[in-house]
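Inside the fold
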Amino acid sequence: MIHPSAKIHPSSIVEEGAKIGENVVIGPFCIVSADVEIGKGTVLHSHVVVKGVTTIGEDNQIFQFASIGEVNQDLKYQGEPTKTIIGNRNRIRESVTIHRGTVQGGGVTRVGDDNLFMINAHIAHDCHIKNRCILANNATLAGHVELDDFVIVGGMSAIHQFVIVGAHVMLGGGSMVSQDVPPYVMAQGNHAQPFGVNIEGLKRRGFDKPTLHAIRNVYKLIYRSGRTLEDIMPEIEHYAKTETAISFFLDFFKRSTRGIIR
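Cut-offs used in this document
Residues numbered from 1 in each chain as written. Predicted model: local features only at pLDDT ≥ 70, side-chain atom pairs only at ≥ 80, totals over all residues. Heavy atoms only, no water. Axes fitted to C-alpha atoms, helices over the stretch in contact; angles between N-to-C directions. Helix = DSSP H or I, 4+ residues; strand = E, 2+ residues; numbered from the N terminus. Parallel < 35°, antiparallel > 145°, perpendicular 65-115°, else oblique. Contact = heavy atoms within 4.5 Å. Nonpolar A, V, L, I, M, F, W, Y, C, P; charged D, E, K, R; others polar. Pairing = 2+ DSSP bridges.

In this section: the packing of helix α2 (residues 209–223) against helix α3 (residues 229–242). The contact between α2 and α3 brings their axes to 10 Å, and the two run at 170°. Here α2 is positioned roughly antiparallel relative to α3, judged by the angle of their axes. Residues Ala-214, Asn-217, Val-218, Leu-221 and Ile-222 of α2 touch α3, and the partners they reach there are Leu-229, Ile-232, Glu-235, Ile-236 and Tyr-239. A class-by-class count of the residues in the contact of α2 with α3 yields eight nonpolar, one polar and one charged.

This is how it looks when you write it as structure tokens:
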């Protein structure tokens, strides 16, 4: 079903069964397969390929040579009807690749809202990216990676499969991330190491001084106290009672399985 207000260039191929929403623009030489749904106001600029069982939300900008919902690179994949789900207002720049999920990974590669994926970024099968994240040029996510809100991944960085990156983390360019990264941390290197709290990013997002002070204290507990996570968890829970921002640490440690960067 194609909405009457949608504009599709005659050189593009939109297979029968695709759902194209109101005011969608599909530029020259794009391919949209039958099980794709594209929401209101989304623009495919040109030479964009959208395949598989893929849902794209509203007001996204997808630039030339991007590939979304394509067969993933997991050798276990046997053609199952797994999904790619993308939210609203994302900017997906040139040559970005976002692959569909696998049955073993829950069946869905999921992207939230208001993200920016710069040129040549790769998002592998079963990744879950939340909201307002930035992947700089050539950033690469292996399968099953989770990025929480407001994560910035520097250019030429790579994140190992199953890694979780907490909210408001900033990873410097060229980082190789093989373990989980707690919220609010700045990290860089091969392998990535912590270099303090992302203070400037948090200030820009409106965090007040008492909250920043609490985050710093938790960072010091994790990285400077010389104690185990098990030992310091009661103190983190105590901070979380008065500072809601600290609850991100608690949620992160409940999900973390690979150990944290050190």
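Having seen it, we continue.
Strands sit in the order β1-β4-β7-β10-β13-β16-β19-β22-β25-β27-β28 across an open sheet of 11 strands; the sheet is mixed. This sheet does not close on itself; its edge strands, each paired only once, are β1 (7–8) and β28 (192–197). Bridge count between strand β13 (residues 91–92) and strand β16 (residues 116–117): two bridges; the pairing is parallel. Bridge pairing links Ile-92 to Phe-117 in β16. Sheet strands in contact with α2 are β27 (185–189) and β28, and its direction is about 145° off that of β28.

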